[in-house]
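Residue-level structural notes
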Amino acid sequence: MALTELEALAARVRFDLTSAGFTPVAPECEDDPDGGLFVFANEDHVAVSWGMHDRLSEAAIGLQEAGRPGEDSVVRYETTHAAMHLALGSILNAFGYHARQYAFGFGHIIRPDTQ
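Residues numbered from 1 in each chain as written. Predicted model: local features only at pLDDT ≥ 70, side-chain atom pairs only at ≥ 80, totals over all residues. Heavy atoms only, no water.

Digging into the environment of Gly70
Summarising the element assignment, Gly70 is placed in the loop between α2 (54-65) and α3 (72-94). Between the alpha carbons of Gly70 and Phe40 there is a distance of 33 Å; along the sequence they are 30 residues apart. (Helix = DSSP H or I, 4+ residues; strand = E, 2+ residues; numbered from the N terminus.)

Digging into the environment of His85
Residue placement: His85 occurs in helix α3. Residues His85 and Ala47, spaced 38 residues apart in sequence, show a C-alpha to C-alpha distance of 12 Å. A distance of 3.4 Å separates a polar side-chain atom of His85 from the backbone nitrogen of Gly107. (Polar contact = N/O pair within 3.5 Å; in protein donor to acceptor, adjacent residues only side chain to side chain.)

Here we look at the sheet that holds strand β3 (residues 100-101)
Two modes of strand pairing occur in sheets, parallel and antiparallel, and in both the strands are linked by backbone hydrogen bonds. Here we have four strands laid out as an open sheet, ordered β1-β2-β4-β3, and antiparallel in their pairing. In the strand order of this sheet, the two ends are held by β1 (36-42) and β3, each with one partner. Relative to strand β4 (residues 108-110), strand β2 (residues 45-51) is paired through three bridges, and the arrangement is antiparallel. Residue pairing in the sheet places Val48 in a bridge with His108 of β4. (Pairing = 2+ DSSP bridges.)

Describing the pattern of salt bridges
What the rule picks out here adds up to two salt bridges. A salt bridge links Arg111 to Asp44; the shortest N-O distance between them is 2.9 Å. Taken together, the residues Arg111 in the segment after β4 and Asp44 in the loop between β1 and β2 connect sequence positions 67 residues apart. Owing to a relative accessible area of 39%, Asp44 belongs among the partly exposed residues under this scheme. (Salt bridge = Lys/Arg side-chain N within 4 Å of Asp/Glu carboxyl O. Buried < 20%, exposed > 50% of the residue type's maximum accessible area, 1.4 Å probe, protein only.)

Quick notes on the nonpolar core
Grouped together as the largest cluster of nonpolar side chains are 16 residues, with contacts concentrated most on Val13, Leu17, Val39, Val46, Val48, Leu92 and Ile110. If you list the elements that add at least two residues to this core, you get α1 (3-19), β1, β2 and α3. The element that contributes the greatest number of residues to this core is α1, accounting for five residues. Contact partners of Leu92, with chain neighbours within four places excluded, come to Val13, Leu17, Val48, Tyr97, Ala99, His108 and Ile110. (Core = buried A, V, L, I, M, F, W, Y, C linked by side-chain atoms within 4.5 Å. Contact = heavy atoms within 4.5 Å.)

Written out as structure tokens, the structure reads:
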């Protein structure tokens, strides 16, 4: 798959998710500490994921590493992560994409050959 075809698919996915009310992070800002919706071409697929603000991510990771998984920051992180990925998967499939969850549950992938 040529990169330009993947980039075109990623642009179409961004457009459709914008139509659904999301504001995707610009492709050149994928390391944005504020988090948000990320859509980008990656090797042989388009990846779609939701990133939390660095502040919440760092707090949740720190508390989990300290053996405190029930703390508010961890619960907020996990709840937001689960809700956003469920919503994104549902919306992508409703728009006709054949999205599947990425390994480890960190987003969805769309392969051009399944569209």
